[in-house]
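Single-letter residue listing:
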Amino acid sequence: MTGKAFTLAWQARPRLVILAVVIAVTTAAVPVTVAWLTKFILDAIVLGLPTSTLLVLASLLAALGLVAKAVAEGARYCQAELDRSIALQAQSRLYGALNRLPGLARLEDPAFLNQLRLAQTMGGRTPGQILSGFLSISTATLGILGFVGSLFSLSPIMASVILVSVAPALLAEIALSRRRVSMHLRLGPRERREIFYAQLMTDAQAAKEVRLYGIGSFLHTRMVAERQAANAENRALDRRDLTTQLALGGLSALIAGAGLVWTIIRAHHGALLIGDISMFIAAVAGLQGQLAGLVGEVARTHGQISLFKSFLAVEGAEPDLAVAARPAPVPPLSQGIRLQDVWFRYSEEHPWILRGACLDIPAGTSMGLVGLNGAGKTTIVKLLTRMYDPTSGRITWDGTDLRDVDPGELRARIGAVFQDFMAYDLSARENIAVGRLDLMGDTPAIEAAAREAGIDEKLRSLPRGYETLLTRLFIDEDNEDGDATGVFLSGGQWQRMALARAMLRRESDLLILDEPSSGLDAEAEHEVHTRIAALRSGRTSVLVSHRLGAIRHADTLAVLQDGAFAEVGGHDELIARNGLYARLFQLQASGYRDPIDTTTTI
């Protein structure tokens, strides 16, 4: 684990790592050298050595003071720069690993999300802290060896006693470190809930319901309760830490005191010189200080290594979708897409969403998906875009199983508006261009997509047109006054922005529209579906909508019920069958046909 952290640091800044090692060795040597020079100076004074000798020794001692100061400042700068470089390297690797996950399963797994939170909050820092801990341990070890050698020259027994006394301290610190890491893992879900409640109280979108229903105090109480519970666990561990440190400190003080009494008695009997006493005091203090530092660094580094495991677990997570070593090509869709006996559930603990679903989507036709809430329509969309693979059965693209193709290449041939579309805190231009990054600088293409989605006129009216930030989260740095010029869009306008992103892929082989007009008024909905009908003409498309009138003109309608397609056919055909589709359509249509009973009183 330490080797992986060191490798990461070396990849980030190899020269700084070498400098840090040199500084660590120098740092270890300075205190031991100072102790010996002090002994020589005191002995020289007692023995009456020439003044020139004293001046040389004093000059060396003064020079060491300058070296110590320079090394301390150099170590501080070097460590800060290493921390920044390593954190950047670690962050880049972490999010690079996340982007390499082809599906959604990991990001919908609570256990993985807990590891991800630890990796995000601490993973970027832990490699640098592990390296720092390793260097500190090395420094302390070298210092201990130097002081032990000095003590052995005076009293091998006392040196041995002090060394043995470190064992209980080391064991106690490691035990505390393990408890602290375990506590971090336990508190992960609790801290996420605390953040969730806090975000609800500060989110502009949630603020309306929070204030209308008066749930601010409820959320505040829950947030505080989560923090209090976390504080209680931290407090219990801190108390254990306090008790342990007091006991260890008492043991160190007792040993040092006994050693000092022994030295003074030996000096009183003439067995030791005044310089030897100075050396003993400096060596004991230095040795205990280095031992304490060693124990603390070992415990801290052990804890960082444990947390670093979360970083490595996320970075090394196996793909949630199997990607073939030599994926089959994804040709332009010419025959169609077929679902063959598709069964799907999100895990063994979850119920089956699809149960043997079979469906043909011929190329160049439009397919409307119909079904009650929870029937699996959005799951079908996830499977078509290969965010998941079927648990059993298969989905083919012109006869090729989607499992055999590269997910990225497949998705490059698909345009989509998801039901839970994104509103990016970016400029209007960027919000559309993320649909096809290669067109970021193609203003005519972006404006054409906006016109097709019916949002061009609105975007042109914004303070900076297409360059206007669609958020108040950031300050617009390009604005000379430094003012926040971002604006908010309505839900329906954001839906048009999502549609514009899909319009950038108007030439795609498959267009998927999952509730593309749910946030629009009747006039806007009619306009959008008219545009969509023109766009999808002659192209393969899948439309999902609860408003059956919006998809009744699709070439084929497929009704999901109990995990399978219970009805497939055109609108007139399904109405004639008088099944689920007919019942749902008539139920919705009745809301427009039935007269209002004006005699009813409330």
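Numbering of residues starts from 1 in every chain and runs along the sequence as written. The predicted nature of this model means local features are confined to residues of pLDDT at least 70 and side-chain atom pairs, given and counted, to a pLDDT of 80 or more, with totals for whole chains, interfaces and linings taken over all residues. The side-chain numbers reported here are obtained from all heavy atoms of the structure, hydrogens and water having been left aside.

- An unreviewed UniProt entry annotates the protein chain as ABC transporter ATP-binding protein of Microtetraspora glauca.
- UniProt positions are given in the numbering used here, feature names are shortened, and annotations may be inferred rather than shown by experiment. UniProt, in the comment section headed Subcellular location (unreviewed entry), describes the protein chain in these words: "Cell membrane".

### Some points on the confidence of the model for the protein chain
Right, so step 1: Along the chain, pLDDT gives the predictor's confidence residue by residue, from 0 to 100. When pLDDT is averaged across the protein chain, the result is 81; 86% of the residues are at 70 or more.
Right, so step 2: Here a helix means four or more residues in a row that DSSP labels H or I, a strand means two or more in a row labelled E, and each is numbered from the N terminus. Within the protein chain, the lowest mean pLDDT, 70, falls on helix 17 (residues 522–536), and the highest, 96, falls on strand 4 (residues 392–397).
Right, so step 3: This model gives residues 596–602 a pLDDT under 50, and the stretch forms 0 contacts once residues within four places in sequence are excluded. Whether two residues touch is decided by their heavy atoms; if any such pair falls within 4.5 Å, the residues are in contact.

### Digging into the sheet that holds strand 10 (residues 564–569)
Right, so step 1: Any two strands are treated as partners once DSSP identifies two or more bridges connecting them. Here 6 strands make up an open sheet; going across it, the order is 6-7-8-3-9-10 and the pairing mixed. Only two strands of the sheet have a single neighbouring strand rather than two, namely strand 6 (414–417) and strand 10. In this sheet, neighbouring strand axes are inclined to one another by 20° on average, regardless of whether the strands run parallel or antiparallel.
Right, so step 2: Taken together, the 4 bridges between strand 3 (residues 366–371) and strand 8 (residues 540–544) define a ladder with parallel strand orientation. Directly across from Met-367, in strand 8, lies its bridge partner Val-542.
Right, so step 3: Between the N-to-C directions of two axes lies an angle of 0 to 180 degrees, each axis being a line fitted to C-alpha atoms and, for a helix, fitted only over the stretch in contact. Strands strand 6 and strand 7 (510–514) of the sheet are contacted by helix 16 (residues 491–503), whose axis makes an angle of about 175° with strand 6.

### Observations concerning a nonpolar patch on the surface
Right, so step 1: Together, Phe-6, Trp-10, Ile-18 and Val-22 make up an exposed nonpolar region whose accessible area comes to about 360 Å².
Right, so step 2: Those elements that provide at least two residues to the nonpolar patch are helix 1 (2–12) and helix 2 (14–47).
Right, so step 3: Burial classes follow relative accessibility: with a 1.4 Å probe on protein chains only, a residue under 20% of its type's maximum area counts as buried, one over 50% as exposed, and anything between as partly exposed. Look at Ile-18 and you get partly exposed, because its relative accessible area is 45%. In this scheme, patches are assembled from residues that exceed 30% relative accessible area and form no salt bridge. Like charges are connected within 9 Å, while nonpolar side chains (Val, Leu, Ile, Met, Phe, Trp, Tyr) are connected within 5 Å. Note on areas: Shrake-Rupley with a 1.4 Å probe; residue coverage comes only from the protein chains shown. In the sections that follow, a salt bridge refers to a side-chain nitrogen of Lys or Arg positioned within 4 Å of a carboxyl oxygen of Asp or Glu.

### Topic: the nonpolar core
Right, so step 1: With 42 residues, the main nonpolar core has Ile-432, Leu-459, Leu-470, Met-497, Leu-499 and Tyr-581 as its most contacted residues.
Right, so step 2: The element best represented in this core is helix 16, accounting for 7 residues.
Right, so step 3: One finds Leu-359, Met-367, Val-405 and Val-544 within the second-largest nonpolar core, a separate group that totals 32 residues. Residues belong to one nonpolar core when they are buried, are Ala, Val, Leu, Ile, Met, Phe, Trp, Tyr or Cys, and are joined through side-chain atoms within 4.5 Å.

### A word on the sheet that holds strand 2 (residues 354–362)
Right, so step 1: Taking strand neighbours across the sheet as the criterion, the 4 strands line up as 2-1-4-5 in an open arrangement whose pairing is antiparallel. Whereas interior strands pair on both sides, the edge strands pair on one side only; in this sheet they are strand 2 and strand 5 (400–401).
Right, so step 2: When strand 1 (residues 336–344) meets strand 2, the two strands line up antiparallel, connected through 6 bridges. Looking at the pairing, Val-342 lines up with Ala-357 of strand 2.
Right, so step 3: The strands touched by helix 11 (residues 377–384) within the sheet are strand 1, strand 2 and strand 4, with strand 1 carrying the most contacts at an inclination of about 120°.

### Some words on the pattern of salt bridges
Right, so step 1: The full count for this structure, using the stated rule, is 18 salt bridges.
Right, so step 2: Arg-93 is the salt-bridge partner of Glu-315, the closest N and O atoms lying 2.5 Å from each other. Taken together, the residues span a long stretch of sequence, with Glu-315 in helix 10 (residues 274–315) and Arg-93 in helix 3 (residues 51–100) at a distance of 222 residues.
Right, so step 3: Accessibility expressed as a relative area gives 24% for Arg-93, which makes it partly exposed.
Right, so step 4: Between Glu-447 and Arg-460 there is a salt bridge whose closest N-O contact spans 3.1 Å.

### Remarks on the environment of Glu-318
Right, so step 1: Assignment of secondary structure puts Glu-318 in the loop between helix 10 and strand 1.
Right, so step 2: The exposed category is assigned to Glu-318, whose relative accessible area is 57%.
Right, so step 3: Glu-318 sits 221 residues away from Ala-97 along the chain, and the two C-alpha atoms are 9.8 Å apart.
Right, so step 4: Once residues lying within four places of it in the same chain are set aside, the contact partners of Glu-318 are Leu-101 and Arg-106.

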